[in-house]
Amino acid sequence: MRNQITLIGSMGENAQVTNFENGSKVARFNMATPALIKGKRTAEWHKLFAFGNIAQFIESFGGSGKQIAITGKLVSRTYLSKNGQLRKVTEIEVRHVIG
């Protein structure tokens, strides 16, 4: 079985980019995909992140409302929030992007 996801939609905001000391970077952003629920148009929101050259591409060419297509994989992780609560989040690690 493969862990692969393909989405076509719009970036919800400019990516938050973190630069690391070793020169690599990670871009985190949200993406909306259109949905039809009970005959009403709405959007499904997804959390995404990308490393390296893909993060650079997103930083340079992505932006709020930008139409993109991505392929990637689902990644689940846990972390401690600022108030000490254990949180779980599922995100999409972007492997390819067309924008």
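Quick caveat: nothing in here was measured; it's all calculated off a predicted structure.

Participant: What is the right way to read the pattern of salt bridges from this model?
Facilitator: A side chain with one charge can pair with a side chain of the opposite charge if their charged atoms come near. As enumerated under the stated definition, the model contains four salt bridges in all. For Glu91, the salt bridge is made with Arg28, and the minimal N-O distance between the two is 3.1 Å. Linking Glu91 in strand β6 (residues 86-98) with Arg28 in strand β3 (residues 25-37), this pair joins segments that are 63 residues apart in sequence. Since its relative accessible area comes to 6%, Glu91 is described here as buried. Residue Glu91 pairs with Arg77 through a salt bridge whose shortest N-O separation is 3.0 Å. Within this pair, whereas Glu91 is found in strand β6, its partner Arg77 is found in strand β5 (residues 67-80), the two being separated by 14 residues in sequence.

Participant: Please clarify how unusual backbone geometry should be interpreted in this entry.
Facilitator: Working note: non-glycine residues mostly have negative phi, and peptide bonds are mostly trans. You will see that Lys38, though not glycine, has its phi angle at about 50°, which is positive. Within the element layout of this structure, Lys38 appears in the loop between β3 and β4 (40-51). With relative accessibility at 86%, the residue Lys38 sits in the exposed group.

Participant: Teacher, can you tell me more about the environment of Phe20 here?
Facilitator: Looking at the element boundaries, Phe20 is found in the loop between β2 (16-19) and β3. Not counting residues up to four positions away in its chain, the partners in contact with Phe20 are Lys25 and Val26.

Participant: Honestly, the pairing of β3 in this entry has me stumped. Any pointers?
Facilitator: In the case of a regular strand, side chains alternate between the two sheet surfaces. Where strand β1 (residues 5-11) and β3 come together, two bridges link them in antiparallel fashion. Bridge pairing in β3 places Met11 opposite Met31. In this structure, β2 lies alongside β3, joined through four bridges in antiparallel fashion. Across the sheet, the residue bridging to Gln16 is Arg28, located in β3. Joining the antiparallel neighbours β2 and β3 is a turn of five residues, in which Gly23 adopts a positive phi near 95°. Pairing geometry for β3 and β4, over twelve bridges, is antiparallel. Paired with Pro34 across the two strands is Ala43, which belongs to β4. The antiparallel pairing of β3 with β4 creates a hairpin that spans two residues between the two strands, and Lys38 there sits at a positive phi of about 50°.

Cut-off values and rules
Residues numbered from 1 in each chain as written. Predicted model: local features only at pLDDT ≥ 70, side-chain atom pairs only at ≥ 80, totals over all residues. Heavy atoms only, no water. Salt bridge = Lys/Arg side-chain N within 4 Å of Asp/Glu carboxyl O. Helix = DSSP H or I, 4+ residues; strand = E, 2+ residues; numbered from the N terminus. Buried < 20%, exposed > 50% of the residue type's maximum accessible area, 1.4 Å probe, protein only. Contact = heavy atoms within 4.5 Å. Pairing = 2+ DSSP bridges.

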